[in-house]
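Analysis of the macromolecular model
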Amino acid sequence: MEEITYKEFRKFLDSDVDEATYFGYSKENLISLKERLEGLRERFDICESRIESDREKIENAYSDISDISYSDYHKNLTFNVGDSSYYLTKDKEKNIYKINWYASSEPSILANMKLIRHRNIGRKFSKEIDNIVENSVKYFNKENTIKSVSSIFDLKDSYFSSALSCNNYPFFSIDKRTLIPEEYTIMPFKVEYDTLPKITIEDKQKLLTKIMVPRGFLN
């Protein structure tokens, strides 16, 4: 089974059984998605304990920088300055990091000015950036895309949050530290969104305990 209607999704959510039982799959070597997320949080906490002080050094030196994290998608360290996003790539011959601009909702001139203003970050903090990248790579060096037993749901894990999809469409994100789903929802069902009842945070929390995934790595 790979797709579900909203009516069937609601029946599943309101039922008293988990995904494997509801759709008739074996439960061998499966755990709930909530348990898997708890394992990811343990990995996150270990990684944070190793890199938090280095991130704070950079943020204390550049008070306008936020969301410093390693991007498994881009394979480099990323951060935000206002509404502009930047990433750092290493010049191995010079052993320094160069800043690059890759996204902005601001005028390009302003984004480029910010790039110039922060151009020395990779020279001043090459040791700290090395440590953040090295330990973040260890965090991502395991399975970070997790498909549920029915293939209806899948979780794509990033550093500060994890994104749940349904029917191969984004559904909602879960905060890595609290494991609380965000309120914002993208309805992944083929109907007019305005006609569907709201899916509450409580609904989402319940769903995380009902989705079943391979045991995999727990830490």
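Relevant structure appears above.
Residues numbered from 1 in each chain as written. Predicted model: local features only at pLDDT ≥ 70, side-chain atom pairs only at ≥ 80, totals over all residues. Heavy atoms only, no water.

What follows concerns the sheet that holds strand β5 (residues 96-104). Pairing is antiparallel across the open sheet formed by 4 strands, whose spatial order is β2-β3-β4-β5. Each having just a single partner strand, β2 (65-71) and β5 make up the two edges of the open sheet. Between one strand axis and the next, the sheet turns through 25° on average, direction left out of account. The pairing of strand β3 (residues 76-81) with strand β4 (residues 84-91) spans 5 bridges and is classified as antiparallel. (Pairing = 2+ DSSP bridges. Helix = DSSP H or I, 4+ residues; strand = E, 2+ residues; numbered from the N terminus. Axes fitted to C-alpha atoms, helices over the stretch in contact; angles between N-to-C directions.)

The next point concerns the environment of Ile121. By the secondary structure assignment, Ile121 is in helix α5 (residues 121-124). When the C-alpha positions of Ile121 and Cys166 are compared, they lie 40 Å apart, and in sequence the two are 45 residues distant. Residues contacting Ile121, with those up to four places away along its chain left out, are Ile58, Tyr62, Ile65, Phe79, Leu88 and Ile129. (Contact = heavy atoms within 4.5 Å.)

With antiparallel pairing, 4 strands are arranged side by side in an open sheet as β6-β7-β8-β9. The sheet is open, and its two borders are formed by β6 (145-147) and β9 (169-175), each paired with just one other strand. On average, each strand axis in the sheet is tilted by 20° relative to the strand beside it, whichever way the strands run. Examined bridge by bridge, strand β7 (residues 153-157) and strand β8 (residues 161-166) share 5 bridges and lie antiparallel to one another. Its bridge partner being in β8, Lys156 is matched across the sheet by Ala163.

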